[in-house]
Amino acid sequence: MDFDLSKPQKLLKESARALLARECGAGRVRELMETETAHDEGLWRALAEQGWTGLLVPEAQGGLGLGLVEMAAVAEEMGRACLPGAFLSTLFAAALVERAGSAEQRAKYLEPIAAGELKATVALLEESASWDADALKLEASRGGGGFNLKGRKLFVPDAGVADVLVCVARDGDSLVLLPVARGAEGVTVKPMPSMDATRKLYEVRFEGVSVAESYVLGADGDARGALQGASEVATAVLCAEMVGGMQWVLDTTVEYAKTRQQFGRPVGSFQAVQHMCADMLLMTESARSAAYYAAWALTERDPSARAAVSVAKAYCSDAYREVANRGVQVHGGIGFTWEHDLQLYYKRSKSSETLFGDATFHRERIARLVMSDE
Amino acid sequence: MDFDLSKPQKLLKESARALLARECGAGRVRELMETETAHDEGLWRALAEQGWTGLLVPEAQGGLGLGLVEMAAVAEEMGRACLPGAFLSTLFAAALVERAGSAEQRAKYLEPIAAGELKATVALLEESASWDADALKLEASRGGGGFNLKGRKLFVPDAGVADVLVCVARDGDSLVLLPVARGAEGVTVKPMPSMDATRKLYEVRFEGVSVAESYVLGADGDARGALQGASEVATAVLCAEMVGGMQWVLDTTVEYAKTRQQFGRPVGSFQAVQHMCADMLLMTESARSAAYYAAWALTERDPSARAAVSVAKAYCSDAYREVANRGVQVHGGIGFTWEHDLQLYYKRSKSSETLFGDATFHRERIARLVMSDE
Amino acid sequence: MDLNLTPSEREFRDEFRAWLGENVPAEWAGGGGGSEDRAEYIEYLRAWQRKLYDGGWAGISWPKEFGGRGATLLEQAIFQEELARANAPQLVGTIGLSLVGPTIIALGTEGQKARHLPQILSGDEIWCQGFSEPNAGSDLAALGTKAARDGEDFIINGQKIWTSFAQMADWCLLLVRTDAEAPKHKGITCLLADMHAAGVTVRPLRQMSGDSGFNEVFFSDVRIGPSQVLGEVNKGWTTAITALMNERANLGTGIQVVFKRQLEALIARSKTVERDGRPASEDPLVRQKLAQAYLELEILRLNTNRALTSLSKAGAPGAEGSIQKLYWSEMNQRTQQYAQEILGPYGQLKEFDKGAWEYAYLRTRGNTIEAGTSEIQRNIIAERVLGLPKSY
Amino acid sequence: MDLNLTPSEREFRDEFRAWLGENVPAEWAGGGGGSEDRAEYIEYLRAWQRKLYDGGWAGISWPKEFGGRGATLLEQAIFQEELARANAPQLVGTIGLSLVGPTIIALGTEGQKARHLPQILSGDEIWCQGFSEPNAGSDLAALGTKAARDGEDFIINGQKIWTSFAQMADWCLLLVRTDAEAPKHKGITCLLADMHAAGVTVRPLRQMSGDSGFNEVFFSDVRIGPSQVLGEVNKGWTTAITALMNERANLGTGIQVVFKRQLEALIARSKTVERDGRPASEDPLVRQKLAQAYLELEILRLNTNRALTSLSKAGAPGAEGSIQKLYWSEMNQRTQQYAQEILGPYGQLKEFDKGAWEYAYLRTRGNTIEAGTSEIQRNIIAERVLGLPKSY
């Protein structure tokens, strides 16, 4: 048993850190926050050149065909850099296409995604803001050799910059996955400005948008399974990203506690501060264990994988928030300012807490999985 | 507005402290713990001589006819002394009789209770261990000019020493309150040994026990209202008792922190210990505000009284436990021994946490009361 | 023990409530209102204070001889609660009224009293408090803003931070170091500084919530004359403690009313957002959270009332302020976290309920830092209330 | 990263699991069993250790030359997990095997090795650890048990406390003060003390849970010869650190299996106790608590595995032990509180599930105190892992 990154995985992680430090410093993040989409084409190119947009994409579709542990290693660095933009949204959509798409469809979407030429997102949440597929109400009506969409999705990440939106809709008791071009007739994308400006959310309205049969993903009927599988992948990657954020907050806070003087000594010599920092470490390391295990278990199709994803997300949701809270507290006033980069992570911790379901949601999911004989 | 004990209330409290210090030191509490009923006739006499067994009993029935704030002041000192035995059980039963009984019944029970000649308890909980009257299942069947009882009650406090057990049973959709002598034919009382040996619990079995009509309390139909009112009184008194326990733990812990040396200084000079103590103070004082307010509001029949009782019990349930936890932690190993009196309060905090409903139960009750338009 | 208001307290409350009913600007009480334009907004607030003043409701705690009402502590609490209940505009002169005025009354010269007290009451002078510095936060006595002697005058150089109202203030209660050689508590002097003087620069400090309630204030060769020393030279620490005691005696009596309104809004919201296809208000977990928020807030109210009673009887403020501050700041953070959990991603939106939840969540984070961190409050409680030995 | 066992690890596990299947006493594995009579009970435990020894499963981490297997860290973890999984009897010689033996191997004389190591393995010598004293808990180096020179011998007077296994121990790894003048870390010596010697008295220390896992040990003019010094005179602090490192490298790998079994029992119980007329397991609040307990335990398992990997690679133990200890002790307290909330008053009964919940709740309270308080663990993490300056 070896619960540590391998040499190549470590190298990958180090190179990710180096690249993101270069291409995505805090100044750049702040510039992008102020834009409409938080997307930067140059930065996207840089990610694609590393192969990251296709890191999980099979080699057959031009990707690197690596596993989720490798992706987690890179995602951790993305979280550390508070990377803005559509990376995770595109990854989610790609995972959905990979699971639900025909060979042809996979080629159609995954190749340009791997090449960095296509960005995508999944339009899932509705008014209920529930991540439970059973809560979806948007009905796709059959007609004209395909489906028609009328209604709206909320909280769709990166819809303002995604080339394709995969809309999850109801077809009676089953689900259908309908890829729609952002620019298609009848599609309106409206920003929903939110706390974390590095990950933009949108309302997407569909007014009589038709999707031809050949476009429909998961026509074989397992759209629900594909959605679940893809959600688990995206959730595991998000958890790794959250770990990177926690690590940044921890490092920055410890560094500050070593240098900031009050009462003639570094504040890090006060037991209250020490203990807050120790708890931050414990939470960060625990989150890391959970996130990488989820990534590994999904890759290995371990029977514990589904629970592992919820364990990771429930824990990371609470832990990132608590680490960020303590980070601000140790910093005192300065940590509460716009100027200090802590605010980026503070807000990211909040948006990550709810994305793909909050701790309460995932605890209920764990209960369903482990209290099995009900 | 004056949120402080009046002079006479303060005097009452001081005299309670003095008497209990004399009659109910920790050594006495430990002796009584080891007995079958935790009751001591001499101690009971001493309480009765002060008038405390009749403190709330109207003067007409030989009581002092004082209010709940006075009772709370005495109860706080009882909690501080970790008073063992049937005081609270008798108070609960008396409050029930006062509310549900006819003039004759009130005289019959309250006079000897006030005189210290009768101890009583309420047999309420069943298998479900729920404090919700709607959860009761024990059915009293009508017959022979009264009711017949067959079934069992659980977790009945002090049933081993109470002369009278007021059994709360179902009569179709309404409740009946049936006073039964402990020694009556068909009544079996069996100890349910529990964590807190100062407040003994029992299983009470009724095997064809008949209660004549004239004995039935609340025959006018408001047994439910009387039960609720009496429960609220007993709960408010319990909260005050819990405050006294917290205060003992806080005082004892602070004293220890001032004297116990480690690393060449009193442990109370370590910030981690200081902060635990500060939180203990905050919880104790907050619990005190809540408990006395509940007592006052019940006395004044303030519209907020019902919510106030649940506010107090929900808060005290959590706070006493947390104060006790911190108390042990600050004491270190010694606080975890049988020898140290902390264990008495530690266990009392747990039994008090669940008695009359735990924090979760009372929070749901608060929700029902304050989210009114449902 | 009697938690009812006395007849005279009730009378005071009714009188002020009636006055507010007639005088709180309708467009403000409506919840929105006020002008977005800063200068105009400040004028609006000054006008509101003048209205209070004209009605005899400014500086009510001050002795009558200085233009106050000699109100009791409880009346002051009622005053704050009623202001909050009426959703009245912010009291722009609050630092002058609650902190500077009482300190001038206690320690000021006759000239200072005559010069400043009436203006503070009328709102013609808005004050700010120049205590904290970048390197003197929790450790306030480490402040380094320099006051060099030039004849009888002082020449001030340095920086203050976290200065509320500085962007609109006319005057500043300023702590400076007048003796760099003395032990840190003994070389401090308290000055009354004209914010319009040459060399004073104010820079708004943007918070993570995006708005700027605080400021940095820079002093560059600012000249201050000897008549503007409050208390004695090099005894400024005593002056500061007097001022802070006055501040901390303010137990946040208004704030619970604001919290109450927020909680009511949250309960209402819980009936419109969904959980498992039903109103969130029917979800047992949501109900637990709302009930917990309710009971903690109720206890804040009760703790406040107990502290008021105790302060009224004891006269001098003790550590009650620290207990209150610790309680409400931590409580408010928990409550805003509950709000986020109940509202889900809606709680993060800048356009849901006008962004109130998003703003409150971020703003609340500062509660355990501003006006003395929770760590400092716990130290004060441990040492001054419980008598534990000093930790550092 | 590969969380599967390697073939050789799997082989090790399978071999031991098979051995346990054949050798764990049935009456013990049944959950109850063992004798209530102390002497007989101790004999029973010694017999169990001898069985392990005869099977080649005692001291598996020791080098082969001293009778061990030279097992890897992961094999040791597997060993502990399998013991727990098989519900095997307590390992009565655990202090000898995991703490004293390795320390003697590292620092002992040839004579000490020959004298003690075989006996530790076979269980013929049960050891206890005489470190803590009433006035030397967290501050271990403050220990005051006096060792006065009498010729070559030491005469020991003093008291130890919290000594597990002392009531059955033959030997004690004892820390004493041999130089009262030296700085506190420099006057300590580590001795191998015969518990059957004249002047040694053991008094069981009753815990709040009612049972006596710990003891006090009194030394009154106990004579100890020079051959029984472990390491050098006045360098006992180094010896103690070596021993504690060996103890802390034991990451509690068996404990998670025990916790897992408790959680499974709690989940099963949640289906039989009621909430609002339904099984508690259907109550959303109960489900949240059970899920939280599950996820925290799962993370304990994962943290353990990561720490094992990291220790295996780094060789020397770092602060992993402190992180593990802090995590599991705080987790266990939370979980037992959840259990109480789920079981209600049943959880407090001494005859419900044989009093297991009542006992666990009380016993767990000691977790954050014994073997280094949570405060000490956080200090260690802050200073040794995060590099923060010392706090005291």
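Quick notes on the rules
Residues numbered from 1 in each chain as written. Chains lettered and ligands numbered in written order. Predicted model: local features only at pLDDT ≥ 70, side-chain atom pairs only at ≥ 80, totals over all residues. Heavy atoms only, no water. Least-squares fit on C-alpha atoms with pLDDT ≥ 70 in both. Contact = heavy atoms within 4.5 Å. Buried area = accessible area lost by both parts, 1.4 Å probe. Salt bridge = Lys/Arg side-chain N within 4 Å of Asp/Glu carboxyl O. Domains from an automatic or database assignment. Polar contact = N/O pair within 3.5 Å; in protein donor to acceptor, adjacent residues only side chain to side chain. Helix = DSSP H or I, 4+ residues; strand = E, 2+ residues; numbered from the N terminus. Nonpolar A, V, L, I, M, F, W, Y, C, P; charged D, E, K, R; others polar. Buried < 20%, exposed > 50% of the residue type's maximum accessible area, 1.4 Å probe, protein only. Pairing = 2+ DSSP bridges. Axes fitted to C-alpha atoms, helices over the stretch in contact; angles between N-to-C directions. Expected span 1.5 Å × (residues − 1). pLDDT = per-residue confidence, 0-100.

Regarding the relation of the copies chain A and chain B
Of the transformation placing chain A onto chain B, the axial shift is 0.0 Å and the rotation is 180°, giving an RMSD of 0.0 Å. Classification of the inter-copy transformation places it as that of a two-fold axis.

Some words on the interface of chain A and chain D
Interface size is often expressed as the accessible area that is lost when the parts come together. Taken together, the contact pairs 47 residues of chain A with 44 residues of chain D. Where chain A abuts chain D, roughly 4,300 Å² becomes buried across the two surfaces, and 64% of that area is made up of carbon and sulfur atoms. On the chain A side of the contact with chain D, M1, F3 and M371 of chain A bury the most area, a combined 19% of that side's loss. At the junction of chain A with chain D, the criterion picks out five salt bridges.

Structural notes on the domain arrangement of chain A
All names here are of chain A. Looking at chain A, the domain boundaries give domain 1 (7-114), domain 2 (120-215) and domain 3 (223-373). A C-alpha centroid distance of 29 Å is found between domain 2 and domain 3. In total, domain 2 and domain 3 occlude about 1,400 Å² of area from one another, counting both sides; carbon and sulfur atoms represent 65% of this. When the buried surface of domain 2 facing domain 3 is broken down by residue, W131, M195 and R199 rank first, second and third, together holding 45% of it. At the junction of domain 2 and domain 3, the tally comes to three salt bridges. When the shortest N-O distance is used, the salt bridge between D134 and R224 registers 2.7 Å. Scanning the region where domain 2 abuts domain 3 turns up seven residue pairs in polar contact (both at pLDDT 80 or more). Residue contributions to the side of domain 2 that touches domain 3 peak at three residues, all from strand β5 (residues 174-181). The class makeup of the residues in the side of domain 2 that touches domain 3 is nine nonpolar, one polar and five charged.

Describing the pattern of salt bridges
Taken as a whole and judged by the stated rule, the model has 123 salt bridges over all chains. Put simply, R368 of chain B and E364 of chain B hold a salt bridge, and the shortest N to O gap is 3.7 Å. In this pair, R368 of chain B and E364 of chain B are both assigned in helix α11 (residues 359-370), four residues apart and thus about one turn of the helix distant. With a relative accessible area of 23%, E364 of chain B lands in the partly exposed category. Here R46 of chain D makes a salt bridge to E43 of chain D, at a shortest N to O gap of 3.9 Å. Of the two residues, R46 of chain D and E43 of chain D are both situated in helix α3 (residues 38-54); the distance of three residues between them amounts to about one turn of the helix. What you see here is one network of salt bridges that share partners, running through K13, R17, E76, E77, E285 and R288 of chain A together with R306 of chain D.

Points about unusual backbone geometry
Phi is positive for D158 of chain A, close to 60°, though the residue is something other than glycine. Within the secondary structure layout, D158 of chain A lies in the loop between β3 (146-157) and β4 (164-171). Although it is not a glycine, K354 of chain C sits at a positive phi angle of roughly 55°. Mapped onto the elements, K354 of chain C comes out in the loop between α10 (320-343) and α11 (356-364).

Considerations on the sheet that holds strand β2 (residues 140-142) of chain A
Residues and elements named next belong to chain A. The sheet built from four strands is open, its strands ordered β2-β3-β7-β6 with antiparallel pairing. Unpaired on one side and paired on the other, β2 and β6 (187-191) mark the two borders of the sheet. In this sheet, adjacent strand axes meet at a mean angle of 10° when their direction is disregarded. Relative to strand β7 (residues 201-212), β3 runs antiparallel, the two being bridged by 10 bridges.

With respect to helix α10 (residues 342-354) of chain B
All names here are of chain B. Spanning 13 residues, α10 covers 19 Å between terminal C-alpha atoms, matching the ideal 18 Å at 1.5 Å per step. For α10, the buried fraction is high: 13 of the 13 residues fall into the buried class. Downstream of α10 by one or two residues, F356 has phi in the positive range, about 60°.

Thoughts on the confidence of the model for chain C
Residue and element names in this part refer to chain C. Taken residue by residue, chain C gives an average pLDDT of 92. The fraction at 70 or more is 96%. Taken together, the stretch residues 29-35 has pLDDT below 50 and engages in 10 contacts with residues farther than four places along the chain or on a different chain. Scored by ipTM, the complex comes to 0.97, with pTM at 0.97.

So, the sheet that holds strand β4 (residues 164-171) of chain B
Residue and element names in this part refer to chain B. Strands sit in the order β1-β4-β5 across an open sheet of three strands; the sheet is mixed. Looking along the sheet, the strands with just one partner apiece sit at the ends: β1 (120-123) and β5 (174-181). In this sheet, neighbouring strand axes are inclined to one another by 25° on average, regardless of whether the strands run parallel or antiparallel. Here β4 runs beside β5; their pairing, made up of eight bridges, is antiparallel. What sits directly across from V168, in β5, is L177.

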